[in-house]
Amino acid sequence: MATPPQRPGFPARIDLGRGGTTPPARAAAPRPAPVRAAVTGDGLPVVPAAASTVRDSIPARARMVQQLMAEGISDPLVLRAMGTVDRHHFVDGALVPQAYEDTALPIGLGQTISKPSVVARMLELLMQGGLRGDNGKLGRVLDIGTGCGYQAVVMGQICEEVYSIERLRDLHEKARANLRPMRIANVHLILGDGMAGFAKGAPYAGIVAAAGGEAVPDAWIDQLAYGGRIVAPVAAAPGQQALIVIDKSRQGIRQTVLEAVNFVPLKSGVA
Ligand code: SAH
């Protein structure tokens, strides 16, 4: 059973001026002594765990954005959102040094936070759907597979309203704990089976899935607005997944198959 979306009672939005989504209390803390960032083999700075403050993650995020641009991500809103959200806030302490590397990281229960390049690619595709507003943002969107909540928060920067659904109770709670101090009013976390979509929020300008099944469930297509777009991994050949884009118009559905991807499986039911 899906629970109703939580609407926090505070209207505060992410304060971009602080350079991230880390809670204000942490942002206001005295600045620690500067820590020299190590550099990985591929040139990425590694932020030591002890230095995981907002200020110290700024260069790492900027470097990540440079990499995303080099890989062809060009949407200014997507790049700005990726450069704003503290990915290290969503991973366990021991993994903080890897938070800005382009790698998927474990978040518990056999699930992973997606690679930054994959998040950016999917969100850029989502944004290229037909329903951006005058401010460049999408309206209401559905995020299937909240996981730790990272992508939902990034989406909250580029969409007016995000409904993010997770089937694993522990991860839903973890995401809720991750988001609580951020005081984000436009991201709603739901515990439920995303295979059924989330009808209460429909119609959606966009739907994005971080878990791949045999096919895109009909519910997602039903709950997509005309002009809207779905971006999701689906089974291609046995043991393989491809990223697909589905555009819905009054004339029908158009599906485009893109590159091979590797997402966790889309499963049914709440656990
Ligand atoms: N976007 C996430 C990625 C999490 S991995 C992040 O930023 O961390 C994908 C998630 O999809 C997993 O947490 C998995 O439990 C979830 N998932 C799989 N099938 C699902 C379903 N039917 N409904 C909701 N969530 C599902």
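Above this text sits the structure in question.
Residues numbered from 1 in each chain as written. Predicted model: local features only at pLDDT ≥ 70, side-chain atom pairs only at ≥ 80, totals over all residues. Heavy atoms only, no water.

J.: Hey, could you go over the overall build of the protein for me, with residue numbers and the actual values?
T.: Across its full length, the protein carries seven helices and 13 strands. Per-residue burial for the protein yields a buried fraction of 52% across its 271 residues. For the protein, the proportion of contacts with a sequence separation of at least 24, taken over those separated by at least 6, is 59%. A total of about 12200 Å² of accessible surface is found on the protein, and carbon and sulfur atoms cover 53% of it. (Helix = DSSP H or I, 4+ residues; strand = E, 2+ residues; numbered from the N terminus. Buried < 20%, exposed > 50% of the residue type's maximum accessible area, 1.4 Å probe, protein only. Contact = heavy atoms within 4.5 Å. Areas by Shrake-Rupley, 256 points an atom, 1.4 Å probe, with all protein chains shown as cover.)

J.: Before we move on, can you summarise the sheet that holds strand E11 (residues 241–249) with the specific residues and values?
T.: Reading across from one edge, E7-E6-E5-E8-E10-E11-E12 is the order of the seven strands in this open sheet, with mixed pairing throughout. Looking at the sheet topology across the chains shown, the edges are occupied by strand E7 (187–191) and strand E12 (252–261). Geometrically, the sheet is characterised by an average inter-axis angle of 15° between neighbouring strands, direction not taken into account. Here strand E5 (residues 138–144) runs beside strand E6 (residues 159–166); their pairing, made up of six bridges, is parallel. Following the sheet pairing, Asp 143 is matched in E6 by Ser 164. Most of the contacts of helix H4 (residues 116–127) go to strand E10 (residues 224–235), to which it runs at about 155°, and overall it touches E5, strand E8 (204–209), E10, E11 and E12. Seen against the sheet, helix H6 (residues 169–179) touches E6 and E7 and runs at an angle of roughly 160° to E7. (Pairing = 2+ DSSP bridges. Axes fitted to C-alpha atoms, helices over the stretch in contact; angles between N-to-C directions.)

J.: Please give an account of the packing of aromatic side chains that cites residues and values.
T.: Within this structure, the stated rule accounts for three aromatic pairs. Ring plane angle 65° and centroid distance 6.3 Å describe the contact between Tyr 163 and Tyr 204, whose orientation is recorded as edge-to-face. Of this pair, Tyr 163 sits in strand E6 while Tyr 204 sits in strand E8; the two residues are 41 residues apart in sequence, bridging distant segments of the chain. By the burial criterion, Tyr 163 is buried, and Tyr 204 matches it. (Phe/Tyr/Trp six-rings, centres within 6.5 Å; stacked < 30°, edge-to-face > 60°.)

J.: Before we move on, could you go through helix H3 (residues 76–84) and cite the residues and values that matter?
T.: Residues of H3 that are buried: Leu 77, Val 78, Leu 79, Ala 81, Met 82 and Thr 84. With a side-chain oxygen lying 2.8 Å from the backbone nitrogen of Leu 77, the N-terminal cap of H3 falls on Asp 75. (Polar contact = N/O pair within 3.5 Å; in protein donor to acceptor, adjacent residues only side chain to side chain.)

J.: I'd love a proper account of the nonpolar core, names of residues and values included.
T.: Grouped together as the largest cluster of nonpolar side chains are 54 residues, with contacts concentrated most on Met 82, Phe 90 and Tyr 150. Here this core takes seven residues from H4, the largest share from any one element. Membership of the second largest hydrophobic core comes to 22 residues, among which are Ala 211, Val 216, Trp 220 and Ile 246. (Core = buried A, V, L, I, M, F, W, Y, C linked by side-chain atoms within 4.5 Å.)

J.: An account of the site of the ligand is requested, with residue identities and associated values reported.
T.: Taken together, 25 residues are adjacent to the ligand, and Thr 112, Glu 166, Asp 193, Gly 194 and Lys 267 come closest. Here a nitrogen atom of the ligand sits 2.7 Å away from a polar atom, N or O, in the main chain of Gly 194. Considering each element in turn, the shell around the ligand owes the most residues, three residues, to strand E4 (residues 111–113). Looking at the shell around the ligand residue by residue, the classes come out as twelve nonpolar, nine polar and four charged. (Near = heavy atom within 4 Å. Nonpolar A, V, L, I, M, F, W, Y, C, P; charged D, E, K, R; others polar.)

J.: So what's going on with the pattern of salt bridges? Which residues, and what values?
T.: Tallied over the entire structure, the rule returns six salt bridges. Of the charged contacts in the structure, one is a salt bridge between Asp 75 and Arg 132, with a shortest N-O distance of 2.7 Å. In this pair, Asp 75 is assigned in the loop between helix H2 (54–70) and H3 and Arg 132 in the loop between H4 and E5, connecting sequence segments 57 residues apart. Overall, Arg 132 belongs to the partly exposed group, its relative accessible area being 33%. A salt bridge links Asp 247 to Arg 229; its shortest N-O distance comes to 2.8 Å. Of this pair, Asp 247 sits in strand E11 while Arg 229 is found in strand E10, placing the two residues 18 residues apart along the sequence. On the accessibility criterion, Asp 247 (13% relative accessible area) is buried. Taking relative accessible area as the criterion, Arg 229 reaches 11% and is therefore assigned buried. Overlapping salt bridges, with partners in common, bring together Arg 229, Asp 247 and Arg 254 in one network. (Salt bridge = Lys/Arg side-chain N within 4 Å of Asp/Glu carboxyl O.)

J.: Can you explain the environment of Val 234? Please cite residues and give values.
T.: Considering the arrangement of structural elements, one finds Val 234 in strand E10. The exposure class assigned to Val 234 is buried, which follows from its relative accessible area of 9%.

J.: Could you give an account of the packing of H4 against helix H5 (residues 150–158), with specific residues and numbers?
T.: At a minimum axis separation of 11 Å, H4 and H5 run at an interaxial angle of 35°. In this structure, H4 crosses over H5, and the sense of that crossing is right-handed. The residues of H5 that touch H4, namely those facing Val 119, Leu 123, Leu 126 and Met 127, are Tyr 150, Gln 151, Val 154, Met 155 and Ile 158. (Left-handed = near helix turned anticlockwise from the far one by under 90°.)

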